[in-house]
Structure formats: C-alpha cells, structure tokens
Amino acid sequence: MEENKKKRIVIGATVAAVLLFVFLLVFWIGQMISIGVKNDRIADLKEQIAKYEQLIEEQSSDLDVYRSQAWLEQAAWLLDMYGYGDIVFGGKS
C-alpha cells in the first residue's frame, strides 16, 4: 500500500509539473507574439515620424516665403490694407 501511494504522488507531481510547463510555454508564446506586434507598430510609427519630419523640412522653405515682407505686403494689398504713404489709383468696387 505504501509503495502504491508513493507512485500516485510521483505521478501527480509529474502531471502537475508538465501542466505547469505547458501553461508557461503557452504564456511565453503569447508574450512573444504580443512583443512582435508591438515592435511592428513601433516601426510603423517611426516610419511615419520620419515621413512627417521630411515633409516639414521640405515645406519650411514655403513657410519662409509666406513670412517674407514681400508676401505680406502683397497679401495686405489684396485685402485693401494700404500702408501710410501708399498711393492708391483705384480700388475695388
């Protein structure tokens, strides 16, 4: 009877250890998939950041043009905003 009891305890412990190992293996695989998905998302976001930074660099020259004095004066004239001493020969009807 004593030997039979020991066999059951050993079998039970072995089954528990195998089940724990399987559970941990499934959990680890799930975590690896989750990390892979997040790394892909990070890579996509880095690509978007690089694209927008390049777009900002390309369009900063346009911003300089729009901030220039000549552009501002032209925009003011189109809005009938004349400066002191400007000669106006006609106006918008």
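Our structure is the block above this text.
These notes cover the structure that comes with them. This is a predicted model, so every value here is computed, not measured.

**What to know about the overall build of the protein chain**
Okay, so step 1: Broken down by element type, the protein chain carries 2 helices and 0 strands.
Okay, so step 2: Taken over 93 residues, the protein chain has a buried fraction of 1%.
Okay, so step 3: Split by element, the accessible area of the protein chain, about 9,000 Å² in all, is 65% carbon and sulfur.

**Structural notes on helix H1 (residues 2–67)**
Okay, so step 1: With 66 residues, H1 should cover 98 Å at 1.5 Å per step; its first-to-last C-alpha distance of 94 Å lies within 8% of that length.
Okay, so step 2: Within H1, the axis deviates most sharply at Gln59, by approximately 35°.

**Things to note about the packing of H1 against helix H2 (residues 69–78)**
Okay, so step 1: H2 packs onto H1 with a crossing angle of 55° between their chain directions and a minimal axis gap of 5 Å. Taken together, the axes of H1 and H2 are oblique relative to one another. Side by side, H1 and H2 meet where Val65, Tyr66 and Arg67 of the first sit next to Gln69, Trp71 and Leu72 of the second.
Okay, so step 2: Of the residues assigned to the contact of H1 with H2, the class counts are 4 nonpolar, 1 polar and 1 charged.

**Focus: a nonpolar patch on the surface**
Okay, so step 1: Residues Val18, Phe21, Val22, Leu25, Val26, Trp28, Ile29, Met32, Ile33, Ile35 and Val37 make up a contiguous nonpolar surface patch of roughly 1,100 Å² in combined accessible area.
Okay, so step 2: Along the chain, Val26 falls in helix H1.

**A short note on the packing of aromatic side chains**
Okay, so step 1: The full count for this structure, using the stated rule, is 0 aromatic pairs.
Okay, so step 2: The ring of Tyr52 has Lys51 lying over it, and the distance from NZ or CZ to the ring centre is 5.2 Å.

Reading the values: the criteria
Residues numbered from 1 in each chain as written. Predicted model: local features only at pLDDT ≥ 70, side-chain atom pairs only at ≥ 80, totals over all residues. Heavy atoms only, no water. Helix = DSSP H or I, 4+ residues; strand = E, 2+ residues; numbered from the N terminus. Buried < 20%, exposed > 50% of the residue type's maximum accessible area, 1.4 Å probe, protein only. Areas by Shrake-Rupley, 256 points an atom, 1.4 Å probe, with all protein chains shown as cover. Expected span 1.5 Å × (residues − 1). Bend = angle between axes of the 7 residues up to and from the residue. Axes fitted to C-alpha atoms, helices over the stretch in contact; angles between N-to-C directions. Parallel < 35°, antiparallel > 145°, perpendicular 65-115°, else oblique. Contact = heavy atoms within 4.5 Å. Nonpolar A, V, L, I, M, F, W, Y, C, P; charged D, E, K, R; others polar. Patch = residues over 30% accessible without salt bridge, like charges linked within 9 Å, V, L, I, M, F, W, Y side chains within 5 Å. Salt bridge = Lys/Arg side-chain N within 4 Å of Asp/Glu carboxyl O. Phe/Tyr/Trp six-rings, centres within 6.5 Å; stacked < 30°, edge-to-face > 60°. Lys NZ or Arg CZ within 6 Å of the ring centre and 35° of its normal.

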